[in-house]
Amino acid sequence: MSGSRIAVIGSGSWGTTLACMLARAGRATTLLVRSEDEAAALRGAGENARYLSGVRFPLQLAITGDAARALRSVQVVLLAVPSQTMRANVAAIRPHVAAQAAVLSCAKGLEQGTLARMSSVIAEELGTEPQRAGTLSGPNIAREISEGKPAVSVIATNDPAASMAAQAALTTPQFRVYTADDVVGVELAGALKNIIALGAGISDGMRAGDNAKAAFMTRGLAEIARLGTALGAQPLTFAGLAGIGDLIATCASPHSRNRRLGQALAEGLELEDAQARLGQIAEGVTTVTTARDLARRHGVEMPITEQLYAILFQAKEPREAIVELMQREVRNELDGIGGAR
């Protein structure tokens, strides 16, 4: 399906990366930005200096602020926008989305208030069956992919034909795409790992050591899987690309915004100052709140999320949070995720 037309919505680092990568691979790709003024500025600069400096736009890439033009005859729509603006972005493009197009969220978060996953938001706003809506997720550090380094991702929808069509459209020699049918698991894994990445950054900033960080990541994955399986996800999803794969990349990479934010907090910066220094959105901050609310709604224990909420919003000292986590009652490792109790 290399002849597919693809529209990428959003000019942040991930949207710009996807658009450039696909255009370089010969896909007919259009990057839809907020306005024609922004489109003209990006075309004139030849790069997205704010979010992806030094990465030149391929000549084949079309950039526009006109939704009708961007979405004309498009088979795959990639929404690379922050989770909290997803609903507004889908509403804006709704009149122009082709009836059979696969519409994939590239965001990793949950909507505040509704606590909805992004594919649900897309389906609601499109006013159609949820089979058209899905997600693209995995260990995908934008800066590395923009530099031509190899990466792998996974598409999840409820329609195998739509998944396979999108897989064919998005797979390139640099970017290998798998399919999955567990939309709930893939989306929750992608969103919730940002919480754990914040904590991993705090661990790095405190120089807690590799043993502590490895344990934190592993227990964090168990926490993600507990909530995911309670909401109907398949446990094995969390051992895949969207689960442990994305978790490793986001907790380890110096490019990870959530890890960098956590490290800044451990160094003594207030949340507002740490976010200002980062200069981009770290989805984990909002996801701590939404995941905490979702877990409480479904009676799922998430001690790491609770402690990170206290650090972010209740001025709790990270060292105190670590002590409390270490002193929790010991139990079977697989409690709550289908193992022994």
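Numbering of residues starts from 1 in every chain and runs along the sequence as written. Thresholds applied to this predicted model are a pLDDT of at least 70 for local features of residues and 80 or more for the giving and counting of side-chain atom pairs; totals over whole chains, interfaces and linings are not thresholded and use all residues. Calculated side-chain values reflect all of the structure's heavy atoms, with hydrogen atoms and water omitted.

Outline the packing of aromatic side chains, supporting the account with residue identities and numerical values.
In this scheme Phe, Tyr and Trp rings, the latter by its six-membered ring, pair at centre separations within 6.5 Å, and the angle between planes marks the pair as stacked below 30 degrees, edge-to-face above 60, and tilted otherwise. Applying the stated criterion across every chain, the model contains one aromatic pair. For the ring pair Tyr-309 and Phe-313, a centre distance of 5.0 Å and an interplane angle of 55 degrees mean the geometry is tilted. Of the two residues, Tyr-309 and Phe-313 are both situated in helix H15 (residues 303-313); the distance of four residues between them amounts to about one turn of the helix. Given a relative accessible area of 18%, Tyr-309 falls into the buried group. The buried label goes to any residue with under 20% of its type's maximum accessible area, the exposed label to any with over 50%, and the partly exposed label to all in between, with areas taken from a 1.4 Å probe on protein chains only. A relative accessible area of 37% places Phe-313 in the partly exposed class. Charge over a ring is defined by NZ of Lys or CZ of Arg lying within 6 Å of the ring centre and within 35 degrees of the ring normal. In this structure, Arg-292 is placed above the aromatic ring of Tyr-309, and the distance from its NZ or CZ to the ring centre is 3.8 Å. We count a stretch as a helix when DSSP gives it H or I for four or more residues in a row; a strand needs E for two or more, and each element gets its number in order from the N terminus.

With reference to specific residues and values, describe the environment of Ala-242.
Here Ala-242 lies in helix H11 (residues 241-252). It is 24 Å that separates the C-alpha atoms of Ala-242 and Gln-307, two residues lying 65 residues apart in sequence. What makes two residues a contact is simply this: any of their non-hydrogen atoms within 4.5 Å. Leave out the neighbours within four places in its chain, and Ala-242 touches Ser-137, Gly-138, Val-154, Val-186, Ala-189 and Gly-190.

I'd love a proper account of the pattern of salt bridges, names of residues and values included.
By definition here, a salt bridge exists when the distance from a side-chain nitrogen of Lys or Arg to a carboxyl oxygen of Asp or Glu is within 4 Å. On inspection of all chains with the given rule, the structure shows 18 salt bridges. Two residues, Glu-125 and Arg-94, come together in a salt bridge whose shortest N-O distance is 3.4 Å. Separated by 31 residues along the polypeptide, Glu-125 in helix H6 (residues 118-126) and Arg-94 in the loop between helix H5 (86-93) and strand E5 (102-105) bring together distant segments of the chain. Taking relative accessible area as the criterion, Glu-125 reaches 15% and is therefore assigned buried. With relative accessibility at 39%, the residue Arg-94 sits in the partly exposed group. A salt bridge links Arg-259 to Asp-204, with the nearest nitrogen and oxygen atoms 3.0 Å apart. Note that Arg-259 is positioned in helix H12 (residues 257-266) and Asp-204 in helix H9 (residues 183-206), a separation of 55 residues in sequence. Look at Asp-204 and you get partly exposed, because its relative accessible area is 26%.

I'd like a description of the packing of H12 against helix H13 (residues 271-278), backed by residues and values.
Two elements in contact, H12 and H13, have axes whose closest approach is 9 Å; the angle formed by their N-to-C orientations is 135 degrees. By the angle class used here, H12 and H13 are oblique. Judged by the sense of rotation from one axis to the other, the crossing of H12 with H13 is right-handed. Seen from H12, the contacting residues are Arg-257, Arg-260, Leu-261, Ala-264 and Leu-265; seen from H13, they are Leu-271, Ala-274, Gln-275, Arg-277 and Leu-278. Each residue is assigned to one class: nonpolar for Ala, Val, Leu, Ile, Met, Phe, Trp, Tyr, Cys and Pro, charged for Asp, Glu, Lys and Arg, and polar for all the others, Gly among them. Residues belonging to the contact of H12 with H13 are distributed by class as follows: six nonpolar, one polar and three charged. Throughout, an axis means a line fitted to C-alpha atoms (over the contacting stretch in the case of helices), and angles, computed between N-to-C directions, take values from 0 to 180 degrees. By definition in this entry, angles of less than 35 degrees are roughly parallel, angles greater than 145 are roughly antiparallel, angles of 65 to 115 are roughly perpendicular, and the rest are oblique. In a left-handed crossing the near helix is turned counterclockwise from the far helix by less than a right angle, and in a right-handed crossing that turn is clockwise.

Report on the pairing of strand E6 (residues 133-137), specifying residues and quantitative values.
Regular strands place side chains that alternate from one sheet face to the opposite one. Within E6, five of the five residues are buried, which leaves it mostly tucked inside the rest of the structure. Here E6 shows two buried faces, one formed by Ala-133, Thr-135 and Ser-137 and the other by Gly-134 and Leu-136. One ladder, built from three bridges, connects E5 with E6; its direction is parallel. Residue pairing for E6: Leu-104 is matched across the bridge by Gly-134. Two strands pair if DSSP finds at least two bridges between them.

Please set out the pairing of E5 residue by residue, giving values where relevant.
Burial along E5 is two-sided: the face carrying Ala-102 and Leu-104 and the face carrying Val-103 and Ser-105 are both buried. One ladder, built from four bridges, connects strand E4 (residues 76-79) with E5; its direction is parallel. Following the sheet pairing, Leu-79 is matched in E5 by Ser-105. Looking down the strands as they point away from the viewer, one classifies a crossover as right-handed if the path from the first strand across the helix to the second runs clockwise. Once you follow E4 into H5 and on to E5, the crossover reads as right-handed.

Tell me what's going on with the state of the cysteines, and back it up with residues and numbers.
By definition, disulfides here are pairs of cysteine sulfur atoms that lie within 2.5 Å. Counting across every chain of the model gives zero disulfides. Distance from the sulfur of Cys-20, which forms no disulfide, to the nearest cysteine sulfur (Cys-106) is 14 Å. The exposure class assigned to Cys-20 is buried, which follows from its relative accessible area of 1%. Taking relative accessible area as the criterion, Cys-106 reaches 5% and is therefore assigned buried.

Which residues make up the sheet that holds strand E1 (residues 5-9), and what are the values?
Within a sheet, each strand pairs with its neighbour through backbone hydrogen bonds, oriented either parallel or antiparallel. One open sheet holds the eight strands; their spatial order is E3-E2-E1-E4-E5-E6-E7-E8, and the pairing between them is mixed. Both edges of this open sheet fall to strand E3 (62-64) and strand E8 (175-180), since each of them pairs with a single strand only. On average, each strand axis in the sheet is inclined to that of its neighbour by 25 degrees, with strand direction left out of account. Pairing analysis gives three bridges linking strand E2 (residues 28-32) to E3, with the strands arranged parallel. Directly across from Leu-31, in E3, lies its bridge partner Ile-63. Lying on the sheet, H9 is in contact with E6, strand E7 (151-156) and E8; it crosses E6 at an angle near 45 degrees.

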